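# Examination of the molecular architecture
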Amino acid sequence: MNWNGVVQVIAGAAVLLMAGSFPAASQGIPQPTPASAVSASPEPASITREASGWLVDLIKINTSNPPGNEQLAAMYVSGLLQKEGIKAELLDLGPGRSAVVARLRSSVVPDPSKALLLVAHLDVVPVDKARWTVDPFSGVVRDGYMYGRGAIDDKGMLAANLAVFIHLKRTNAHLNRDVIFLATADEEGSGDASIRTLIAKYWDKFAAGFAINEGGNVFMKNGKVQYIGVQASEKVAVNVAVIARGASGHASQPTKDNPVVHLAAAIAKIGTYSAPVHFTAIVRRYFEGIAPLEDDEIAKWIRSMDTPDRGEHAQRVVSDASPLWNAMMRDTIAPTVLSAGVANNVIPAEARANLNIRLLPGDSITTLMNDLNKLVNDPAVRLEIQPNAGLAAPPSSLESDFYNLICRVASREFGGALALPFQSTWLTDSAQLRLHNVQAYGLVPFPLSDEDLKRMHGDDERIPLASFDKGVDLLTKIVTEFAVTRY
Ligand SMILES: [Zn+2]
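Let me begin by describing the structure that accompanies this report.

In this section: the overall build of the chain. Of regular secondary structure, the chain possesses 15 helices and 17 strands. For 487 residues, the compact-globule estimate of 2.2 N^0.38 gives 23 Å, and the chain sits close to it at 24 Å. Taken along its principal axes, the extent of the C-alpha atoms in the chain is 75 × 55 × 45 Å. Each of the 487 residues in the chain was classed as buried or not, and the buried ones make up 55%. Here the contacts in the chain between residues at least 6 apart in sequence split such that 78% fall between residues at least 24 apart. Accessible surface computed for the chain: about 20900 Å², of which carbon and sulfur atoms make up 53%. Between the mean site of the 45 positive side-chain charges and the mean site of the 51 negative ones, the chain shows a separation of 1 Å.

Below you can see the structure in the form of structure tokens.
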């Protein structure tokens with residue numbers, strides 16, 4: 001996109017946002033919601049109150065991916081920044097798809113290797129509307145929660161990043177490094193409009209040495225922060241097709257090479273397979289840290305996982321106790337899609353399944369495929385790696401000043417709760433950043449319970465308003481302490 005086009009788009013969005021009497025909603029870009037509509041807080045409107053209004057607006061802009069359609073959200077965000085006197089640029093990623101970048105300059109000599117990137121994605125996963133108790137694109141507030149697709153993942157963090165960035169601008173903060181705001185597209189699809197393309201086409205616009213993104217969490221248990229998991233690494237996704245072939249024929253005369261039967265047997269074997277345990281350095285530190293926070297029984301097993309005599313049993317107990325723990329210590333395989341058959345009375349020539357595999361960083365898909373081939377042991381069945389396999393990125397350093405600062409500030413703000421390195425089982429944009437030498441850390445700053453977290457890609461996603469406020473505050477402190485010069 002040429003610069004003139006960018007200016008026109010931004011100016012258009014800004015006009016929509018500023019024209020009080022203009023029916024902006026009918027143009028598809030909601031106007032900022034008045035802070036009073038969101039919270040009954042008697043306090044004077046703070047930037048946190050404004051940010052919860054931005055979150056409502058962002059939820060109202062449906063960016064379900066596919067197809068994403070992030071452009072309207074990108075225009076809304078750039079309009080907000082523009083109104084604050086911050087030059088924001090839309091980065092074109094194809095029809096209807098854009099990212100947003102903006103920069104606050106440091107007062108010292110520019111040094112991209114010191115710059116700090118605030119990252120969040122504009123797109124959300126689709127909804128099954130019939131299963132929601134509220135309109136998923138309304139941002140309605142009920143009993144202290146704001147509901148909506150993206151309330152946590154990742155529009156909550158996007159609104160928090162905006163709040164921090166705009167706060168730095170409004171307070172005319174004296175920066176010791178550039179702070180860059182980046183709203184990405186197609187994070188949930190990892191497709192052609194994702195951060196891979198952004199890096200390939202626009203890297204110079206957001207090159208940075210450090211980044212903070214989603215990926216880790218402030219984990220609540222029984223109403224208290226149990227620990228803070230700061231993501232420094234993530235697993236790698238690979239899809240593998242399982243393909244069974246045979247002769248098609250009349251269903252009235254079954255044959256032994258029916259591919260449906262061979263596929264079903266293969267999937268049944270794969271479904272019971274458990275890959276060997278392998279502790280990465282980050283996961284080892286995570287388990288060391290978490291053991292004292294758990295009850296005595298499970299703590300004992302966590303501490304025994306590395307012992308020669310009881311190790312294997314301990315690994316089984318710990319894996320069984322938590323799907324997250326299980327997936328943190330081994331490659332996992334989830335069969336996700338099955339397809340076969342053209343008619344009820346026809347034996348098909350082919351049956352297929354998709355395996356969604358999540359490798360530990362450093363593990364090889366070839367090794368796992370060899371093990372699976374041996375396990376399936378059926379010449380009628382073939383395994384085939386599918387395109388767009390993820391790439392393993394080196395972990396971010398656990399020794400960097402930024403990592404230490406995130407842990408220190410988060411722990412302080414949550415009454416001394418332990419901050420631990422975290423290797424997410426899920427993917428984020430950070431892997432691509434790490435592949436470009438960015439020390440990227442994941443921390444969704446809002447304290448969230450398991451109950452809140454499990455709604456993230458599910459129904460009735462919601463964020464506790466008190467957690468949103470706390471998260472904005474925490475992120476502001478982290479960024480300020482890292483990037484603002486004190487006198
Ligand atoms: Zn996300």
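As a further point, take the pattern of salt bridges. Enumeration according to the criterion identifies 26 salt bridges in this entry. The partner of Lys205 in a salt bridge is Glu89, and the shortest N-O contact between them spans 3.2 Å. In this pair, Lys205 is assigned in helix H5 (residues 195-206) and Glu89 in strand S1 (residues 88-92), connecting sequence segments 116 residues apart. Its relative accessible area of 31% is what places Lys205 among the partly exposed residues. Judged by relative accessible area, which is 17%, Glu89 ranks as buried. Close ionic contact of Glu413 with Lys470 constitutes a salt bridge, the shortest N to O distance being 3.5 Å.

The protein atoms that coordinate the zinc ion are His121 (NE2), Asp153 (OD), Glu214 (OE) and Glu214 (OE), at distances spanning 1.9 to 2.7 Å. Positions of the donor residues of the zinc ion, expressed as sequence spacing, correspond to H-x31-D-x60-E. A residue pair is termed long-range when its members are at least 10 positions apart, and His121 in strand S3 (residues 116-121) and Glu214 in strand S7 (residues 210-221) qualify at 93 residues. Across the pair, Glu214 and His121 agree in class, each one buried.

Let us now look at the environment of Thr171. Relative to the helices and strands, Thr171 is located in the loop between helix H4 (155-170) and strand S6 (179-184). Taking C-alpha positions, Thr171 is 72 Å from Asn345, a pair spaced 174 residues apart along the chain. There is a polar contact of 3.3 Å between the side chain of Thr171 and the backbone oxygen of Leu168.

With 13 residues, helix H6 (residues 259-271) ought to run about 18 Å at 1.5 Å a step, and its terminal C-alpha atoms sit 18 Å apart, in line with that. Of all the positions in H6, only Pro259, His262, Leu263, Ala266, Ile267 and Ile270 are classed as buried. The buried residues of H6 all sit within an arc of 130° when viewed along its axis, so they share a single face. Away from its buried face by more than 90 degrees, H6 exposes Val261 and Gly271. Of the surrounding secondary structure, the elements contacted by the buried residues of H6 are strand S9 (236-245), strand S11 (332-340), strand S12 (346-347), strand S13 (350-359), helix H11 (365-376) and strand S14 (381-385). Here H6 starts with a cap whose side-chain oxygen sits 2.9 Å from the backbone nitrogen of Val260, and that cap is Asn258.

Parameters at a glance
Residues numbered from 1 in each chain as written. Predicted model: local features only at pLDDT ≥ 70, side-chain atom pairs only at ≥ 80, totals over all residues. Heavy atoms only, no water. Helix = DSSP H or I, 4+ residues; strand = E, 2+ residues; numbered from the N terminus. Rg over C-alpha atoms; globule rule 2.2 N^0.38 Å. Buried < 20%, exposed > 50% of the residue type's maximum accessible area, 1.4 Å probe, protein only. Contact = heavy atoms within 4.5 Å. Areas by Shrake-Rupley, 256 points an atom, 1.4 Å probe, with all protein chains shown as cover. Lys, Arg positive; Asp, Glu negative; His and termini not counted. Charge placed at Lys NZ, Arg CZ, Asp CG, Glu CD. Salt bridge = Lys/Arg side-chain N within 4 Å of Asp/Glu carboxyl O. Donors = N, O, S within 2.8 Å, 3.2 Å for Na, K, Ca; no water. Polar contact = N/O pair within 3.5 Å; in protein donor to acceptor, adjacent residues only side chain to side chain. Expected span 1.5 Å × (residues − 1). Arc of directions from axis to C-beta.

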